[in-house]
Amino acid sequence: MPNASSWSASSPLLLLWEDSSGTRIFLSLLYAVLAISGTLSNVMVIYLVFSFKKLQTTSNAFIVNGCAADLSVCALWMPQEAVLGLLPPNSSALRSAEYRLLRGGLLGLGLTVSLASHLLVAFNRYVLITKLPSVYQALYQRRHTGCMIGLSWALALLLVPLLPGLWTPGSAQQPPPWQTDGNSRYTALLLALAVLGQTALLLHCYLGIVRRVRGSAKRVSVLNFHLLHQLPFPAAPPPPRRAQRRLSSVSVLLLCCVFLLGTQPLVWVSLLGFFLRPAPPALQAASWLLLCSLSALNPLLYTWRSEEFRRAARS
């Protein structure tokens, strides 16, 4: 296992233990690409929703909430990691505990709210597709929607101060928390179980939508989740029923696969480190990078199948 000196040499990049300057430069460039693409895509989605009244729906409110959280990762955290990865390992900027805590707080806040927004979007779609319109309208009033969004941020603000060792890389005097700190190991375990529970609820919602769409005679696209009778203009003629159901199912399954690919590696790496032995450093770094990359991909996942977003972008 790497010692404390090898950890300190890689402290600017989350879970990067390599002393090689080539690896540090590569990951810095990767962070820079994710930061630029993620910032632009998240800002674009927020701008479109606030600029076009037709996009100001309850479902899009949860998407905007996730985009705002992802900006904390893409626009604030990733650029710092990209710059710090190019600094010498003994730079004074890397030894400041307060600065590492600030970076960890930005990452923890963004990821926590982003994961909560995934679940809010999934549940919103589940209620819209599988329940009566009256149930949906009663549950998702403006006040209730605001409370749900506010609770996601309040939960994140409560959890982030409790997880400083989990979100913040170690220092030259302190090895990684999951090696020596039992409390941090249990915190990582609780986080992994929480993400597993959130994933189970998300999959339940989306698989329930797939079953409903495949067994329903209604021509509803799952990812175009506006109430059709509320549109101020006639909807375009839908494709044949069988093709529409197949397209909706594939879109939902693709979204689920991307989400699982981004979240589950870190979950199982954390469980492996708690119950058996720590995973190889490269695998830990890759699992964190996959989770962080979701912040850049989320806007595309939730808008690429929406005709309304495409029209707004073209205009």
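Residues numbered from 1 in each chain as written. Predicted model: local features only at pLDDT ≥ 70, side-chain atom pairs only at ≥ 80, totals over all residues. Heavy atoms only, no water.

Draft legend 1. Structural detail: the overall build of the chain. For the chain, the count of helices and strands is twelve helices and zero strands. Put simply, the chain runs from its N terminus to its C terminus through helices and strands in the order α-α-α-α-α-α-α-α-α-α-α-α. In the chain, of all internal contacts separated by at least 6 residues, the share reaching a separation of at least 24 is 78%. Total accessible area computed for the chain in this model is approximately 15400 Å², and 69% of it derives from carbon and sulfur atoms. (Helix = DSSP H or I, 4+ residues; strand = E, 2+ residues; numbered from the N terminus. Contact = heavy atoms within 4.5 Å. Areas by Shrake-Rupley, 256 points an atom, 1.4 Å probe, with all protein chains shown as cover.)

Draft legend 2. Fine view of the packing of helix α3 (residues 58-84) against helix α11 (residues 281-303). Interaxial distance between α3 and α11 falls to 9 Å at its minimum, and their mutual angle equals 145°. Handedness of the α3/α11 crossing: left-handed. Judged by residue contacts, I63, C67, D70, V73, C74, W77 and M78 of α3 engage C292, S295, A296, N298, P299 and Y302 from α11. Residue composition of the contact of α3 with α11, by class: ten nonpolar, two polar and one charged. (Axes fitted to C-alpha atoms, helices over the stretch in contact; angles between N-to-C directions. Left-handed = near helix turned anticlockwise from the far one by under 90°. Nonpolar A, V, L, I, M, F, W, Y, C, P; charged D, E, K, R; others polar.)

Draft legend 3. Fine view of the environment of S117. Within the fold, S117 resides in helix α4 (residues 97-130). Accessibility expressed as a relative area gives 3% for S117, which makes it buried. Along the backbone, S117 and A69 are 48 residues apart, and their C-alpha atoms lie at a distance of 8.7 Å. In this structure S117 touches F62, N65 and G66, once residues within four positions along its chain are discounted. (Buried < 20%, exposed > 50% of the residue type's maximum accessible area, 1.4 Å probe, protein only.)

Draft legend 4. Focus on the pattern of salt bridges. Within this structure, the stated rule accounts for five salt bridges. Measuring nitrogen to oxygen at the nearest pair gives 3.2 Å for the salt bridge that ties R314 to E307. Among the residues examined, E307 registers a relative accessible area of 27% and is labelled partly exposed. When the shortest N-O distance is used, the salt bridge between R311 and E308 registers 3.3 Å. Of this pair, R311 and E308 both sit in helix α12 (residues 307-314), three residues apart, which is roughly one turn of that helix. In this structure R311 comes out as partly exposed when scored by relative accessible area, which is 34%. Connected through shared salt-bridge partners, E307, E308, R310, R311 and R314 make up one network. (Salt bridge = Lys/Arg side-chain N within 4 Å of Asp/Glu carboxyl O.)

Draft legend 5. A look at α12. Of all the positions in α12, only E308, F309 and A312 are classed as buried. The arc that holds the buried residues of α12, viewed along the axis, is 95°, so those residues lie on one side. Exposed positions of α12 whose direction lies more than 90 degrees from the buried face are A313 and R314. Contacts from the buried residues of α12 go to α2 (21-51), α3 and α11. (Arc of directions from axis to C-beta.)

Draft legend 6. View of the nonpolar core. Counting residues in each nonpolar core, the largest one holds 42 residues, and the members touching the most others are Y206 and Y302. Listing elements by their share of this core, those giving two or more residues are α2, α3, α4, α9 (182-215), α10 (241-275), α11 and α12. Of the residues forming this core, the biggest block, nine residues, is contributed by α9. Residues contacting Y206, with those up to four places away along its chain left out, are V121, A122, R125, V252, L255, C256 and Y302. (Core = buried A, V, L, I, M, F, W, Y, C linked by side-chain atoms within 4.5 Å.)

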